Amino acid sequence: MAVKTVQATINGQTYTLTLNSTSGKYEATVTAPSKSSYNQSGHYYGVTVKATDVAGNITTKDAADATLGTSLRLQVKEKVAPIIAITAPTAGTYLTNNKPTITWKVTDTDSGVNPATIGITIDGTKITGDSIAKTAITGGYQCTYTPATALSDGSHTIKLDASDYDGNAATQKSVTFTVDTIPPTLSISAPVAGLVTNKSTVTVTGTTDDATSKPVTVTVNGTAVTVGTGGSFSKDVTLTEGSNTITIIAKDKAGKTTTVTRTVTLDTKAPVIKSVTMTPNPVDAGKTYIIAVEVSD
């Protein structure tokens, strides 16, 4: 008897195959499913082939068939790579924590992110595996990593990698940040601590520096002061009668601060001579006498 029809059903869609007189096989050109087969049972799309002869006899074969099953398993691979998005730290950040928590997200809308491929490289050293915390989210993973060893003060670069289950590698993401755990230096040359003066203005002078987070900003009693290229600064402060506290704060880019205070007393009132006595008075020539002066200030 002659074959009447040959049909193939793939992903719920049925196609009729046409006899190729040259090869003697029934063929059809079929567009593959738009999604990867990785998330299908067995990681493949099962294909069912049904042949019907003119007498109405039917033979069906599918992916479970002992003889032809393996040839009826269609594997479809996506071509879109996962996407990596860094949450923290952001580029150019200055951090005071030398064990910063690094957070990022990896997503893939098809075959899915392969968690075994998620890696972070810090200054050339790559870390993978369970030391990276991975929390499942829609389409992928939220990842966090905290360095086991404190990072040195200075610049650091991290690079992030991941692939999906179909082997597509995400575009590597990287970010550079700076660790600064040491506050800036601050040296005040004037005024000296405890200065008493009759001048209504005193000049605050000093120098500041920070090896990691230049330039350093300086405030004197809350007012910003210009810092020179060598770290020197100067600021005139108007005094009020009596005790004055001057607060100088140096702050680096990481937010670390150093504070110095100076107490300066303004005294513009001259002393008052209240009384003078000389005893004895008159005094014999060549003899001693006592002079006593009563003064208040």
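Above this text sits the structure in question.
A few points on the structure. (Residues numbered from 1 in each chain as written. Predicted model: local features only at pLDDT ≥ 70, side-chain atom pairs only at ≥ 80, totals over all residues. Heavy atoms only, no water.)

### A word on the overall build of the protein
And step 1. For the protein, the count of helices and strands is zero helices and 26 strands.
And step 2. Here the C-alpha atoms of the protein give a radius of gyration of 42 Å, more than 25% beyond the 19 Å that 2.2 N^0.38 yields for 297 residues.
And step 3. Dimensions of the protein, computed from C-alpha atoms along their principal axes, come out at roughly 165 × 30 × 30 Å.
And step 4. Burial status across the protein gives 31% buried among its 297 residues.
And step 5. By sequence separation, contacts in the protein at least 24 residues apart represent 61% of the contacts at least 6 residues apart.
And step 6. Surface accessibility of the protein: about 17600 Å² in total, with carbon and sulfur atoms responsible for 51%.
And step 7. In the protein, 24 positive and 23 negative side-chain charges are present, and the distance between their average locations comes to 4 Å. (Helix = DSSP H or I, 4+ residues; strand = E, 2+ residues; numbered from the N terminus. Rg over C-alpha atoms; globule rule 2.2 N^0.38 Å. Buried < 20%, exposed > 50% of the residue type's maximum accessible area, 1.4 Å probe, protein only. Contact = heavy atoms within 4.5 Å. Areas by Shrake-Rupley, 256 points an atom, 1.4 Å probe, with all protein chains shown as cover. Lys, Arg positive; Asp, Glu negative; His and termini not counted. Charge placed at Lys NZ, Arg CZ, Asp CG, Glu CD.)

### Some remarks on the sheet that holds strand β21 (residues 223-225)
And step 1. A sheet is described by the order of its strands in space; here five strands give the open sequence β18-β24-β23-β20-β21, paired in mixed fashion. Two strands lie at the open edges of the sheet, namely β18 (196-197) and β21, each paired on one side alone.
And step 2. Pairing between strand β23 (residues 242-251) and strand β24 (residues 257-266): ten bridges, direction antiparallel. Bridge assignment links N244 to a residue of β24, and that residue is V264. (Pairing = 2+ DSSP bridges.)

### Some thoughts on the environment of N98
And step 1. Within the secondary structure, N98 is located in the loop between β9 (94-95) and β10 (102-107).
And step 2. Look at N98 and you get partly exposed, because its relative accessible area is 26%.
And step 3. In this structure, the C-alpha to C-alpha distance between N98 and D164, residues 66 residues apart in sequence, is 32 Å.
And step 4. What N98 contacts, discounting residues up to four positions off in sequence, is A150, L151, V179 and T181.

### Some points on unusual backbone geometry
With the exception of glycine, most residues fall at negative phi, and the peptide bonds are largely trans.
And step 1. Cis geometry marks the peptide bond from A88 to P89; its omega dihedral reads 0°.
And step 2. Tracing the backbone through its elements, the reader meets P89 in the loop between β8 (83-88) and β9.
And step 3. A cis geometry characterises the amide bond from K214 onward to P215, with omega recorded as -5°.
And step 4. Note on placement: P215 falls in the loop between β19 (201-209) and β20 (217-220).
And step 5. Positive phi, close to 55°, is recorded for N11, a residue that is not glycine.
And step 6. The backbone of N221 shows a phi angle near 50°, a positive value even though the residue is not glycine.
And step 7. Position of N221 among the secondary structure elements: in the loop between β20 and β21.
And step 8. Residue classification places N221 among the partly exposed residues on the basis of a relative accessible area of 41%.

### A closer look at the pairing of β24
And step 1. Alternating positions in β24 separate cleanly, T258, V260, R262, V264 and L266 being buried on one face and T257, T259, T261, T263 and T265 remaining unburied on the opposite face.
And step 2. Of the pairings in the sheet, the one linking β18 to β24 comprises two bridges and is parallel in character. Its bridge partner lying in β24, T197 is registered against L266.
And step 3. Linking β23 to β24, which pair antiparallel, is a turn of five residues; within it G255 sits at a positive phi near 95°.

### A word on the environment of P191
And step 1. One can find P191 in the loop between β17 (185-190) and β18.
And step 2. Given the relative accessible area of 4%, P191 is considered buried.
And step 3. Between the C-alpha atom of P191 and that of V264, which follows or precedes it by 73 residues, the distance is 7.7 Å.
And step 4. Setting aside chain neighbours within four positions, we find P191 in contact with V202, T203, V204, I246, R262 and V264.

Everything listed here is a matter of geometry and, on its own, says nothing about what the molecule does.
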